[in-house]
Structures are given as structure tokens and as C-alpha cells.
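Architecture at a glance
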Amino acid sequence: MMASEFEAYRGLFVAESRENHENLVKNLLILEKGPDQNAIDEIFRSVHTLKGASASMGYAEMERLCHAMEDVFQLVRSGSAEVSEDLGNLLLACSDVLEEMIDDIEGGGDSSSKNADDQVFALKDWLGQRGKVTEAKKAPAKGKKKEMTPPDAPAGNGETPAGSMPEYTMVITVSPECAMKDVRAMLAIGNLEALGTIRSMTPSKEQVDEGNFDGVLNLTIASDAGENALKTAAQGTEIASVEIRPAHGVAPEEKSPAAAPRKPAEADRKPGAADKSREIKNLRVDIAQLDHIMNLVEDLVINRGRLKQIAEQHKIKEMDEAIGMVERSVSELQNLMMLIRMIPLNHIFNRLPRVVRDVAQYDGKEVEFVMEGGETELDRSVMDGLNDPLLHLIRNAVNHGIEAPDIREKAGKPRKGFVKLSAHRDRDNVIIELIDDGAGINIEKVKRKAVEKGLVTQDAVDTYTIDQAIDLLFQPGFSTADKITDISGRGVGLDVVKRSIEALKGTIRVETTPGKGSRFELLLPPTMAIVDIMIVRVNGRRLGIPISSIVEVANYEREGTHTIGKGEAVLLRDEVLQLLWLTDMVGASDVCEILIVVQYQKRKCCIPVDLVEGKQEVVVKPLSSFIGNTRGVSGVTILGDGEVIPVLDVNTM
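Residues numbered from 1 in each chain as written. Predicted model: local features only at pLDDT ≥ 70, side-chain atom pairs only at ≥ 80, totals over all residues. Heavy atoms only, no water.

Quick word on the overall build of the chain
Secondary structure summary: the chain contains 23 helices and 22 strands in total. In the chain, which comprises 653 residues, the proportion classed as buried is 43%. In the chain, 67% of the contacts between residues at least 6 apart in sequence involve partners at least 24 apart. If you sum the accessible surface of the chain, you get close to 34300 Å²; carbon and sulfur atoms cover 52% of it. (Helix = DSSP H or I, 4+ residues; strand = E, 2+ residues; numbered from the N terminus. Buried < 20%, exposed > 50% of the residue type's maximum accessible area, 1.4 Å probe, protein only. Contact = heavy atoms within 4.5 Å. Areas by Shrake-Rupley, 256 points an atom, 1.4 Å probe, with all protein chains shown as cover.)

Pasting the structure below:
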């Protein structure tokens with residue numbers, strides 16, 4: 001029982017620690033830009049929570065590292081130290097070790113396999129003489145004794161004698177729904193003892209420990225950590241409210257400023273309580289279970305089509321009504337499933353400021369990185385495939401795009417480069433843009449490199465337009481890096497990015513202005529599983545064309561066909577549109593009286609077909625590994641009568 005309970009808590013610990021770790025890194029990067037009291041408070045809160053959680057779970061190595069980080073931040077917070085570049089780097093290195101520890105714990109370890117000695121000693125080194133104070137402070141903390149006060153005092157404000165420490169009375173109320181009120185209270189008491197000396201408490205610590213606790217804890221604490229720090233320490237999961245006010249023994253001039261913020265403290269309590277109830281409403285579900293439900297919904301969609309067809313054949317009124325009800329339920333279930341699988345892009349975006357910082361530091365560049373639209377949502381399956389392409393494009397923008405500060409200055413630009421990542425929804429699609437104000441793409445260099453690598457001949461390249469030259473960037477094995485570094489030139493080129501995006505049924509477009517910068521645009525479908533298709537017939541075979549790609553359906557008269565070069569085209573509404581025959585796929589047909597006009601990016605073309613059978617909502621299943629990826633085909637679907645038909649992919653045709 002105990003072991004399984006511990007494992008359940010392990011999952012919760014990992015999930016909460018990851019959130020705190022992300023918050024820690026985000027705010028450390030904010031501090032690099034300049035002093036920010038809010039960021040300092042956020043970092044202190046995250047480190048303190050990580051320390052408390054790891055201590056209560058018995059992960060000693062993680063607790064030790066968090067303790068050292070907390071000691072450093074106690075000084076930063078009180079204003080007696082500043083976050084220099086060296087300290088920023090050290091704290092980020094500590095955060096990397098913390099991440100490894102969380103990974104280790106998630107894998108079933110207890111963080112002891114990750115040695116944090118280097119980081120802890122470096123932090124102590126930075127603290128200088130205060131390192132001894134930290135040691136002194138740490139020993140009593142273990143025994144939870146009252147002698148803790150004197151060593152604790154210097155960390156806050158220098159030489160405050162224990163007697164003159166501000167005292168506060170606190171009322172901590174544990175949430176009525178909490179199953180283990182005594183455990184929650186003991187955690188709060190432990191956190192408070194780390195910040196000061198508890199003078200009195202009702203009920204007593206022993207009574208709480210024995211389980212004689214009704215959910216309300218009254219205590220008096222002497223501490224120089226400040227009202228906000230004490231309140232933060234006492235708050236936690238399943239704590240309904242924390243009231244704090246200065247005790248009467250405080251001198252009048254100390255009392256008034258401390259007493260003043262009482263109204264906001266009470267106002268703060270309401271959102272806190274709301275947050276607690278919101279946590280209970282949210283569930284963490286294993287992604288594998290969601291995928292399984294999605295497969296079942298897809299099967300329902302296929303069988304719904306089959307049932308409709310049978311009902312139409314037999315014309316049974318009652319069956320029609322029942323199928324109508326089933327159809328509505330399946331549609332709702334399907335929409336709900338889509339919504340549940342949607343994840344905000346922030347899940348990927350939040351990791352990228354760190355990548356930009358590391359690449360810029362490695363290259364000796366200055367870069368301002370801006371993100372917008374992280375709340376835009378995408379299906380999880382699309383999100384999984386997007387991680388690596390985005391990472392590569394961001395690295396490219398900083399490494400190849402942004403110039404060195406001196407070069408920028410000579411060109412009359414600000415020394416600091418600008419990179420912006422934004423996302424927004426456009427009709428059914430999600431568009432992600434990456435803009436930089438760097439040197440842009442050197443078209444001549446691209447052509448030269450392509451000829452050097454034997455990708456094209458010099459004669460061919462001389463006739464290329466700018467767009468065709470940019471397309472060379474996406475050829476396998478193409479790189480403009482002159483030397484191989486940790487960042488670029490490792491053979492993972494833009495061809496991999498393009499393949500990954502096309503595998504997600506998306507497209508990638510590049511615009512560039514030499515000397516001014518580049519713009520990469522990714523166009524992605526919000527979800528991949530269920531799509532509306534138009535079913536057409538060519539040469540007796542059925543095919544599906546996604547309705548999102550279709551612009552219009554028109555009549556086709558063979559006399560109107562013109563030959564241009566090796567291809568054929570027709571004039572339709574004053575536009576010359578190329579004809580795309582599907583002869584290779586389904587054989588030649590003599591009928592072909594209808595044109596399906598499809599659009600990819602800004603280019604249109606026509607597919608001649610014999611017959612349009614109608615529209616249907618279907619599940620597109622990817623082609624099996626036996627067949628592999630086929631350009632122009634996104635997958636297959638099963639229609640109501642059991643026939644398997646290919647679904648065309650206009651992006652890759």
C-alpha cells in the first residue's frame with residue numbers, strides 16, 4: 001500500500017516540479033535583461049517549493065541543491081546582492097542539473113545518482129564567507145530546533161538579534177476536502193520553521209503529528225523573512241487560506257507598514273481559493289489512453305458511414321431516425337475529442353528562449369527574442385512533429401541569419417539582432433512565422449554552394465528565379481556553413497525540416513530580403529485525423545480530395561486545352577491553370593468532363609475527373625510502413641461500403 005501510494009505521489013511530484021522548473025528558467029532569463037523584483041520573487045518561490053517538495057519526498061540530493069540556490073536568492077531578494085552574468089550562468093547550470101534530477105526521479109530514481117557537488121560548491125563559493133553561515137543554518141534545520149534563529153538572522157538583514165525579530169500571528173486553514181489534513185499541516189509547519197522560530201502553536205505540533213487536528217492551525221512566528229515570504233511558505237496544495245498579521249509585540253513604527261497590506265492579502269486569498277478548486281477539476285491523463293480513444297472514435301466515424309449506406313438501401317424509417325441520433329452523438333464525441341487533444345503552442349515555445357540565448361552566447365551575438373501567440377492550439381500529434389523543425393529554424397535564424405554586433409553596426413543596424421516567433425489561426429489552419437532582421441539569404445552564395453555540391457549544373461542555376469534558388473536550401477545535403485560547429489553544419493539541413501512539416505500535412509515558405517532579413521512561414525492543419533473529402537471517380541476508380549484544398553469545380557471542354565512546353569493548361573476565369581492528369585495513378589480516362597481546381601499556397605492547378613460522387617467526412621489512415629511515403633497521397637480511408645480509397649495530398653503533388 002505504502003509503495004504504491006509513494007509511486008502515485010512521485011507522478012504528482014514530477015508534474016509539479018516540471019512546472020516550477022519551467023517558471024524558474026523563464027524568470028532567470030527575464031533577470032538577464034535587467035533587474036526585476038517580480039522575477040526574483042517568482043524564482044525564490046519556485047526554488048522554495050522545489051526544496052520543500054523534494055525534502056518531503058526524501059530526495060536529499062535535489063533538496064541540497066535547492067537549499068544552496070535558495071540561500072543565494074535570499075541575498076538577491078533582500079537587495080544585498082545582484083544577479084551578475086556569471087551568477088546567471090551558474091544558476092542556469094543549476095537549473096539544468098535540477099532538470100536531470102527530475103528526469104531521474106521520473107524514471108524511478110531518487111536524484112542521488114546526479115551529483116550536484118560542483119554546483120553547490122560554486123554557489124557556496126559565490127556566497128563567500130556566508131558559506132559557513134549556510135552550513136550552520138543547515139544543521140539545526142534538520143533537527144528543527146529553536147536555536148535556528150541566530151544563524152538565520154544574518155541571511156536576512158545582517159545583525160538582527162533574536163529578541164528584536166518581527167513576530168506574526170498566522171491562521172492556516174486546510175481545505176475541508178483534504179483527505180490528510182495533518183500531513184498538509186505538517187508540511188506547512190516544516191516550511192515555516194525553515195524561515196523563522198515558531199513561538200507558540202494551537203494545536204501543538206505533537207497533537208497535529210498524532211492526527212488530532214480539525215483543519216485550522218493558529219501560530220505565532222518570529223521571522224525576518226517578511227510577511228509575503230511567510231505567507232508563500234504556508235500556502236500549498238489543499239491549503240484553503242492563510243491569514244497573517246503582525247503580533248502586538250512589534251514596535252508601532254514597524255507595525256504600521258506591515259499592517260497596511262492586510263487588505264490586499266485578504267483579496268489575494270480569494271483567487272488562491274479559486275485556484276485550489278480549479279486544480280481538483282483538472283485531470284492528468286496518459287496520452288496513450290487519449291490516442292486509443294481517438295482510434296475508437298475514428299472507427300465509429302467509419303461505421304457511421306457504413307450504417308448510413310445500409311439505411312439508404314433498405315429505407316427503414318425507424319432505422320433512419322436511430323442512425324440520425326447516432327450520427328449527432330458521434331459528431332459531438334469527435335469534436336470533443338479534437339478539443340481535448342488540442343495543446344497550446346506554449347509547450348514548445350517556452351523552451352525556445354533558452355535555445356536562442358545559448359546559440360547567441362556561443363556565437364558572440366546579441367539577440368532580442370520575442371514570442372507571440374503561444375496560446376494558439378494544435379493537435380498533439382502535430383505538436384510532436386513540430387518540436388525539431390522549430391528548434392532547427394530558430395538555431396538557423398540566430399546562427400546564419402543574425403550578424404555579429406560589429407558587422408550590424410557597420411551596416412547601420414542596432415547591435416542587437418531581432419528574432420520574432422509568432423503563431424495565429426487562419427481559417428482552419430495554424431500559421432507559425434519566424435522573422436529575423438539579419439543578413440537575409442545570400443542567393444548567389446546559395447547557387448554557388450549548390451553547384452559545388454553537384455546538386456545542379458551552372459547552366460541551370462543561371463536561369464533560376466529567386467524562389468527557385470531558395471528552394472535549393474531544402475535539397476538534401478545542402479548547407480552554407482563554412483565550418484562544422486556545435487550549432488550548425490551537422491548534416492541536419494532544411495531538407496529534414498521540410499520533410500517533417502510535409503509529414504504533418506503542412507507547408508513551409510521562405511521570403512528573404514538581402515541585408516534586411518528573412519521570414520519563414522509554416523502552415524499547419526490544426527489536426528490530422530478526420531477530414532472532409534470530395535469523392536471523385538476517374539477511369540472507374542474512386543479517389544478522395546480534401547475539401548480544404550479545393551477552390552471550385554468547373555466544366556472541362558477538351559477543345560480549350562493548350563500545350564505549354566511539356567505540360568497542358570486551360571484558361572479558366574482569365575487564369576491560365578496547369579492540368580494535372582492522374583493517369584500514372586489510375587490509368588487514362590476518355591471521359592473527364594469535370595475539373596477540380598485545387599490550390600497550394602498561392603498556386604492553382606486543375607485535376608480532370610469523370611464524376612463527382614459527393615462529400616463525406618472520413619478518417620485518413622497513414623500508409624503502412626510496407627508502402628512507405630508516397631508523394632501526392634496523404635493516406636487511405638475506408639468508405640461506408642467498405643471500399644478503401646486513396647486520399648490525395650495537394651501539398652506534395
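Notes on helix α16 (residues 352-363)
Here α16 contains twelve residues, and its C-alpha end-to-end distance of 17 Å stays within 8% of the 16 Å for a straight helix at 1.5 Å per residue. Listed in full, the buried residues belonging to α16 are Leu352, Arg354, Val355, Val356, Arg357, Val359 and Ala360. One or two steps after α16, the chain reaches Gly364, where phi turns positive at roughly 70°. (Expected span 1.5 Å × (residues − 1).)

Considerations on the sheet that holds strand β1 (residues 167-174)
By definition, the strands of a sheet pair up through backbone hydrogen bonds, in either a parallel or an antiparallel sense. Spatial ordering of the open sheet is given by β2-β3-β1-β4, a layout of four strands whose pairing is antiparallel. Only two strands of the sheet have a single partner each, and these edge strands are β2 (197-202) and β4 (239-246). Within this sheet the neighbouring strands show an average axis-to-axis angle of 20°, counted without direction. When β2 meets strand β3 (residues 216-222), the two strands line up antiparallel, connected through five bridges. From the neighbouring strand, Met201 faces β3, where its bridge partner is Leu219. Taken strand by strand, helix α8 (residues 181-193) contacts β1, β2, β3 and β4, and its axis lies near 155° from that of β1. (Pairing = 2+ DSSP bridges. Axes fitted to C-alpha atoms, helices over the stretch in contact; angles between N-to-C directions.)

A look at a nonpolar patch on the surface
A surface patch of nonpolar side chains, amounting to about 370 Å² of accessible area, comprises Tyr9, Leu12, Met180, Val183 and Leu187. Elements represented by at least two residues in the nonpolar patch include exactly α1 (2-33) and α8. With respect to the helices and strands, the residue Met180 is situated in the loop between β1 and α8. (Patch = residues over 30% accessible without salt bridge, like charges linked within 9 Å, V, L, I, M, F, W, Y side chains within 5 Å. Salt bridge = Lys/Arg side-chain N within 4 Å of Asp/Glu carboxyl O.)

Digging into the nonpolar core
Of all hydrophobic cores here, the largest spans 48 residues; its most connected members are Leu345, Leu386, Leu421 and Ile432. When residues in this core are grouped by element, the largest group, eight residues, is from helix α17 (residues 380-401). In this view, Leu345 contacts Gly374, Thr376, Leu378, Met383, Leu386, Ala423, Val430 and Ile432; residues no more than four positions away in its chain are not counted. Core analysis: the second largest hydrophobic core is formed by 39 residues, Ile40, Val72, Ile102 and Val120 among them. (Core = buried A, V, L, I, M, F, W, Y, C linked by side-chain atoms within 4.5 Å.)

What about the sheet that holds strand β19 (residues 603-609)?
One open sheet accounts for six strands, arranged β14-β18-β19-β17-β16-β15; its pairing is mixed. Strand pairing shows two members of the sheet lacking a second neighbour, β14 (550-555) and β15 (561-564), which therefore form its edges. When strand polarity is set aside, the average angle formed by the axes of neighbouring strands in this sheet is 35°. In the sheet, β14 pairs with strand β18 (residues 594-600) via five bridges, with the strands oriented antiparallel. Looking across to β18, one finds that Asn555 is bridged to Ile594.

Description of the pairing of strand β12 (residues 530-538)
If a strand is regular, its side chains alternate between the two faces of the sheet. Summarising the sheet, β12 and strand β20 (residues 611-619) pair through eight bridges and their orientation is antiparallel. Paired with Val531 across the bridge in β20 is Val618. Two strands pair when backbone bridges link them, and β12 and strand β13 (residues 541-546) are joined in this way by six bridges, in the antiparallel orientation. Directly across from Met534, in β13, lies its bridge partner Ile545. Where β12 folds back on β13, the antiparallel hairpin that results is connected by two residues, among which Asn539 adopts a positive phi of roughly 55°.

Considerations on the packing of aromatic side chains
Describing an aromatic ring pair means giving the distance of the ring centres and the angle of the ring planes. Evaluated as defined, the whole model comprises two aromatic pairs. Ring geometry for Phe13 and Tyr59: centres 5.1 Å apart, planes at 65°, overall edge-to-face. With Phe13 in helix α1 and Tyr59 in the loop between α2 (37-57) and α3 (60-78), the pair connects residues that are 46 residues apart, well separated along the chain. Between the NZ or CZ atom of Arg77 and the centre of the ring of Phe44, over which it lies, the distance is 4.2 Å. (Phe/Tyr/Trp six-rings, centres within 6.5 Å; stacked < 30°, edge-to-face > 60°. Lys NZ or Arg CZ within 6 Å of the ring centre and 35° of its normal.)

As for the packing of α3 against helix α4 (residues 85-106)
In contact at an axis separation of 10 Å, α3 and α4 are set at 155° when each is read in the N-to-C sense. In terms of orientation, α3 and α4 fall into the roughly antiparallel class. In this structure, the crossing between α3 and α4 has a hand that is left-handed. In this structure, α3 contributes Glu61, Met62, Leu65, Cys66, Met69, Val72 and Phe73 to the contact, and α4 contributes Leu87, Leu91, Cys94, Val97, Leu98, Met101, Ile102 and Ile105. Of the residues in the contact of α3 with α4, the class split is 14 nonpolar, no polar and one charged. (Parallel < 35°, antiparallel > 145°, perpendicular 65-115°, else oblique. Left-handed = near helix turned anticlockwise from the far one by under 90°. Nonpolar A, V, L, I, M, F, W, Y, C, P; charged D, E, K, R; others polar.)

Section: unusual backbone geometry
Along the chain, Thr202 connects to Pro203 via a cis peptide bond; the corresponding omega equals -10°. By the element assignment, Pro203 lies in the loop between β2 and α9 (205-210). One non-glycine residue, Lys315, adopts positive backbone phi at about 50°. Topologically, Lys315 is positioned in the loop between α13 (287-314) and α14 (317-341). Note on Lys315: relative accessible area 68%, which makes it exposed.

Details of the pattern of salt bridges
Summed over the entire model, instances satisfying the criterion amount to 41 salt bridges. Note that Arg64 is salt-bridged to Asp117, the shortest N-O span being 2.4 Å. Here Asp117 lies in helix α5 (residues 117-127) and Arg64 lies in helix α3, a separation of 53 residues in the sequence. Given a relative accessible area of 25%, Asp117 falls into the partly exposed group. In this structure, Asp379 and Arg341 form a salt bridge, with 3.1 Å as the shortest nitrogen-oxygen distance. One end of the pair, Asp379, is in strand β7 (residues 377-379); the other, Arg341, is in helix α14, with 38 residues separating them in the sequence. Summarising the burial analysis for this pair, Asp379 and Arg341 share the class buried.

A few points about the side chain of Ser95
Along the chain, Ser95 falls in helix α4. Since its relative accessible area comes to 0%, Ser95 is described here as buried. Beyond its immediate chain neighbours, meaning those up to four positions away, Ser95 contacts His21, Leu24, Val25 and Arg354.

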